[in-house]
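Listed below are the residues making up each chain.
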Amino acid sequence: MSDGKDWIDAWLDAVADGSATMSQRLESSIARHGGIDAAVAAARYRGVHLTRLTDDKGKVLIAASQHPIVSLC
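Residues numbered from 1 in each chain as written. Predicted model: local features only at pLDDT ≥ 70, side-chain atom pairs only at ≥ 80, totals over all residues. Heavy atoms only, no water.

Before going further, it helps to spend a moment on the overall build of the protein chain. Looking only at helices and strands, the protein chain has 3 helices and 3 strands in total. Helices and strands in the protein chain line up, N terminus first, as α-β-α-α-β-β. Seen along its three principal axes, the alpha-carbon backbone of the protein chain occupies a region of about 40 × 25 × 20 Å. Across the 73 residues that make up the protein chain, the buried fraction comes to 29%. For the protein chain, the share of sequence-separated contacts (at least 6 apart) that also reach a separation of at least 24 residues comes to 56%. Carbon and sulfur atoms form 53% of the exposed surface of the protein chain, whose accessible area is close to 4900 Å². Distance from the positive charge centre (8 side chains) to the negative charge centre (9 side chains) of the protein chain: 4 Å. (Helix = DSSP H or I, 4+ residues; strand = E, 2+ residues; numbered from the N terminus. Buried < 20%, exposed > 50% of the residue type's maximum accessible area, 1.4 Å probe, protein only. Contact = heavy atoms within 4.5 Å. Areas by Shrake-Rupley, 256 points an atom, 1.4 Å probe, with all protein chains shown as cover. Lys, Arg positive; Asp, Glu negative; His and termini not counted. Charge placed at Lys NZ, Arg CZ, Asp CG, Glu CD.)

Next up, the structure:
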């Protein structure tokens, strides 16, 4: 089984290379695989943008995109 860094790296590599143009993961999953600080550092290294949002069921998600994410209101 890979460690958390590998899990985060694989997720953000897919966003950075375009195979997953926008992707989201549960914040709790990220916490189990190294934490938000590790995800932010990995995203910055790859030029990937992250945002935290809550879905319609109350689950906190981290979304990743190649493009900047803008809050509208």
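Moving on, we get to the packing of aromatic side chains. All told, the structure shown has 1 aromatic pair when counted by the stated rule. Note on Trp7 and Trp11: the rings are 6.5 Å apart at their centroids and 35 degrees apart in plane angle, and the pair reads as tilted. One end of the pair is Trp7 and the other is Trp11, both in helix H1 (residues 4-16) and 4 residues apart, which spans about a single turn. Residue class for Trp11 comes out buried when judged on its relative accessible area of 3%. (Phe/Tyr/Trp six-rings, centres within 6.5 Å; stacked < 30°, edge-to-face > 60°.)

The subject of this paragraph is H1. Here H1 contains 13 residues, and its C-alpha end-to-end distance of 18 Å stays within 8% of the 18 Å for a straight helix at 1.5 Å per residue. Along H1, the positions that sit buried rather than exposed are Gly4, Ile8, Asp9, Trp11, Leu12, Ala14 and Val15. Check the buried side of H1 and you find it contacts strand E1 (22-26), helix H2 (27-32), helix H3 (36-46), strand E2 (49-54) and strand E3 (60-65). Gly18 occupies a position one or two residues after H1 and carries a positive phi of about 90 degrees. (Expected span 1.5 Å × (residues − 1).)

On to the nonpolar core. Counting residues in each nonpolar core, the largest one holds 11 residues, listed as Ile8, Trp11, Leu12, Val15, Ile30, Ala39, Ala42, Ala43, Val48, Ile62 and Ala64. Looking at this core, the elements with two or more residues in it are H1, H3 and E3. At 4 residues, the largest contribution of residues to this core is made by H1. Those residues within four positions of Trp11 in sequence are excluded, and the remaining contacts are Ser23, Gln24, Arg25, Ile30, Leu50, Ile62 and Ala64. (Core = buried A, V, L, I, M, F, W, Y, C linked by side-chain atoms within 4.5 Å.)

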